[in-house]
Amino acid sequence: MAELFRVRDLWFAYPGRAPVLRGVDLDLAPGQRLAVTGANGAGKSTLLWLLLGLLRPNAGQIEAFGAPRRVEAEFIEVRHRAGLVFQDPDNQLFCPTVLEDCAFGPLCLGRSRAQALAVVDRTLEQLGLLHLRERITYQLSGGEKRLVSLAAVLCMEPEVLLLDEPSNGLDETTGERLLCLLKALPQAMLLVSHDRAFREHLATTGCHLHDGRLIAPPPQETQHP
Amino acid sequence: MGHRTQAGAPLPGVPDRHPAVGSPLRRLDPRTRLLAVCAFAAVVIVLEQPAALGAALALALLLILVARQPLRRILRPLAAMDGLMLIMLLTLPFTTPGTPLLQLGTEGAWGTASVEGLWLAVDIALTANAILLMLLALLGDLDPVHLGHALHRLHLPMALVQLLQFTLRYINLIHDEFSRLRVAMRARGFVAGTNRHSIRSLGYALGTLLVRSLDRSERVLCAMQCRGFTGHFPVVESLRFGSTDALVATLGVLVFSGLLWLEWHLG
Ligand SMILES: Nc1ncnc2c1ncn2[C@@H]1O[C@H](COP(=O)(O)OP(=O)(O)OP(=O)(O)O)[C@@H](O)[C@H]1O
Ligand SMILES: [Mg+2]
């Protein structure tokens, strides 16, 4: 089967700084759940942003869903088919209410308002968030914001999920519920997480971002089947 | 000076607006730079002779080269101002009476451009450009804290200094907030169009921008008060008027006198 993402020799530097990524190679196959680890500031979030074209690489190729992606127009399709859950939910939620924020994605995909609302209700129910439906996103607690931002992405029914520390700030029960939920999803995932147990339960493969390159994880990090 | 989110995690995607640039002008005391700009502006406003104005503009350009700032940061304000200047260049000759230069329509029915008006327009355009370039070269890379500190040490009223500092800070905050919202929208496949969904979403984004900026500014104030903010920004490095500053000040006095001499000698 064709790879969902295929990245070759990706280089990126923020203006006026040393390169963060220095030749990243990455493959994500359908059904695969790849965990990316790395020290703080290693460039994991940056890599996810590059995959969706929110930043432009200095060099290297990004192929997504079987086609090369270089310019903004080519990335729009990628953003429709791959959903990114931001590391900081405050950066992601911007509509006044949870309902509006969740409906935003489907509406961008061209669904009708009725279709969008149906999808939102289904997803919120699945995540056990129906009670937050009318709440103001701005006033949610940290963990609630995180779950809502995941819901907002799931509402778009993406083929791939890019999760930037999804279990951050969740209580134990909620964390476990999220884990079960993600495990039940058929989508391929690229998971950035500092939570070892979470990673080991969810991911099928792992890799480590070190010195701007993706390498095999250190031996003690080998994943359970 | 990366843009940091509340949690302290750096936010990718919003490029740093203050990359470290190694310019010799950076080593100058901010007070020297401030005074130099003020003196330059005062001198240039007096100048009327094209040659003297040209020399002033050349001096400003020279300093822009020395300052080695990112081109974008210089071109943007320049383009904004020269857009207005262009309108003035086109209208002023027609509204100033004097020796006819160009007549539009039969017998100047649509208007007559005067030589005096043209000179006046050129004079204003050269003056404005020279001052703006000098301002960008000398003060363009100064952050609000240092600028405020310098102004305060030059004995400007504290209230004024703080007003200026907070304005500069919050413009940045709002700009950062806006960049974040834009990225969030694009990440979920938003492409602006002329439909209700687009307009509604942009409305939401604008509303959120205002609410968040206000809230953030309040949080910033709290954070500042928690750390003992009492009304002035402490700056760790103390200002030092060094020998380079003395040299630059002397050079400045000489060059500015030269410009004035040129003006009176030609006039
Ligand atoms: N907008 C920015 N401008 C300049 N540098 C940035 C910006 N955003 C991030 N960086 C820098 O790029 C590097 C990589 O950042 P990134 O957010 O990708 O790290 P990360 O691996 O996700 O870290 P963490 O585990 O803390 O989330 C860091 O050194 C960071 O300081
Ligand atoms: Mg990160």
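All residue numbers here refer to positions counted from 1 along the written sequence of the relevant chain. Starting at A for chains and at 1 for ligands, labels are handed out in the order in which the entities are written. In keeping with the predicted nature of the model, local features appear solely for residues at pLDDT of at least 70, side-chain atom pairs appear and are counted solely at 80 or more, and the whole-chain, interface and lining totals rest on all residues. To get the side-chain values, take all heavy atoms of the structure and skip hydrogens and water.

Asker: Now, about the coordination of the magnesium ion (ligand 2): what can you tell me, with residues and values included?
Answerer: Residues and elements named next belong to chain A. Any nitrogen, oxygen or sulfur atom within 2.8 Å of a metal ion counts as a donor, with the limit raised to 3.2 Å for Na, K and Ca, and since water is left out, coordination shells can look unfinished. Only Ser45 (OG) and Gln87 (OE1) from the protein reach the magnesium ion (ligand 2) as donors, at distances of 1.9 to 2.2 Å. Pair noted here: Ser45 is in helix H1 (residues 44-51) and Gln87 is in the loop between strand E6 (82-85) and helix H3 (98-108), with a separation of 42 residues, a long-range link. A 1.4 Å probe rolled over the protein chains alone gives each residue an accessible area, and that area as a share of the maximum for its type sets the label: buried under 20%, exposed over 50%, partly exposed in between. Of the residues examined, Ser45 reaches a relative accessible area of 12% and is grouped as buried. Secondary structure follows DSSP: runs of H or I at least 4 residues long count as helices, runs of E at least 2 residues long count as strands, and numbering of each begins at the N terminus.

Asker: Let's hear about the pairing of strand E7 (residues 160-164) of chain A: which residues, and what values?
Answerer: All names here are of chain A. In terms of burial, E7 is largely enclosed, as 5 of its 5 residues are buried. Across the two faces of E7 the burial is the same, with Val160, Leu162 and Asp164 and Leu161 and Leu163 all buried. In this sheet, E7 lies alongside E6 in parallel orientation, the contact comprising 4 bridges. Note on E7: the bridge partner recorded for Gly83 is Leu161. Both E7 and strand E8 (residues 188-192) contribute to a ladder of 5 bridges, which runs parallel. Bridging from a neighbouring strand, Leu163 pairs with Leu191 of E8. With helix H6 (residues 172-184) bridging E7 and the parallel E8, this β-α-β connection has right-handed handedness. In this description, strands pair whenever DSSP reports at least two bridges between them. Here is how to tell: hold the view so the strands point away, follow the path from the first strand over the helix to the second, and if it runs clockwise the crossover is right-handed.

Asker: Hey, could you go over the environment of Glu263 of chain B for me, with residue numbers and the actual values?
Answerer: All names here are of chain B. With respect to the secondary-structure elements, Glu263 resides in helix H8 (residues 243-266). Residue classification places Glu263 among the buried residues on the basis of a relative accessible area of 8%. By definition, residues are in contact when any of their heavy atoms lie within 4.5 Å. Excluding its chain neighbours within four sequence positions, the residues that come into contact with Glu263 are Val46, Leu47, Glu48, Gln49 and Ala52.

Asker: Tell me what's going on with the packing of aromatic side chains, and back it up with residues and numbers.
Answerer: Two rings belonging to Phe, Tyr or Trp (six-membered ring only in the last case) form a pair when the distance between their centres is within 6.5 Å. Interplanar angles under 30 degrees mark stacking, angles over 60 mark edge-to-face geometry, and anything in between is tilted. For the coordinates displayed, the defined rule picks out 6 aromatic pairs over all chains. Look at Phe40 of chain B and Phe256 of chain B: their rings are 5.8 Å apart centre to centre, the planes differ by 50°, and that puts the pair in the tilted class. With Phe40 of chain B in helix H1 (residues 30-46) and Phe256 of chain B in helix H8, this residue pair connects regions lying 216 residues apart in the sequence. One exposure class covers both Phe40 of chain B and Phe256 of chain B, and it is buried. Taken together, the ring pairs in this structure connect Phe94 and Phe104 of chain A together with Phe190 of chain B into an aromatic cluster. Between the NZ or CZ atom of Arg81 of chain A and the centre of the ring of Phe65 of chain A, over which it lies, the distance is 4.2 Å. As a reminder, the over-ring test applies to NZ of lysine and CZ of arginine, requiring each to be within 6 Å of the ring centre and within 35 degrees of the ring normal.

Asker: Mind laying out the sheet that holds strand E1 (residues 5-12) of chain A, listing which residues take part and the relevant values?
Answerer: Residues and elements named next belong to chain A. Reading across the sheet, the 4 strands line up as E2-E1-E4-E5 and stay open at both edges, with antiparallel pairing between neighbours. With partners counted over all chains shown, the strands left at the sheet margins are strand E2 (21-28) and strand E5 (67-68), one partner each. Here E1 runs beside strand E4 (residues 59-64); their pairing, made up of 5 bridges, is antiparallel. Across the sheet, Val7 pairs through a bridge with Ile62, a residue of E4. Comment: axis = line fitted to C-alpha atoms, over the contacting stretch for helices; angle = value between 0 and 180 degrees taken between N-to-C directions. Its contacts with the sheet place H1 against E1, E2 and E4, and it is angled at close to 120° to E1.

Read these as layout, nothing more, since geometry by itself doesn't imply function.
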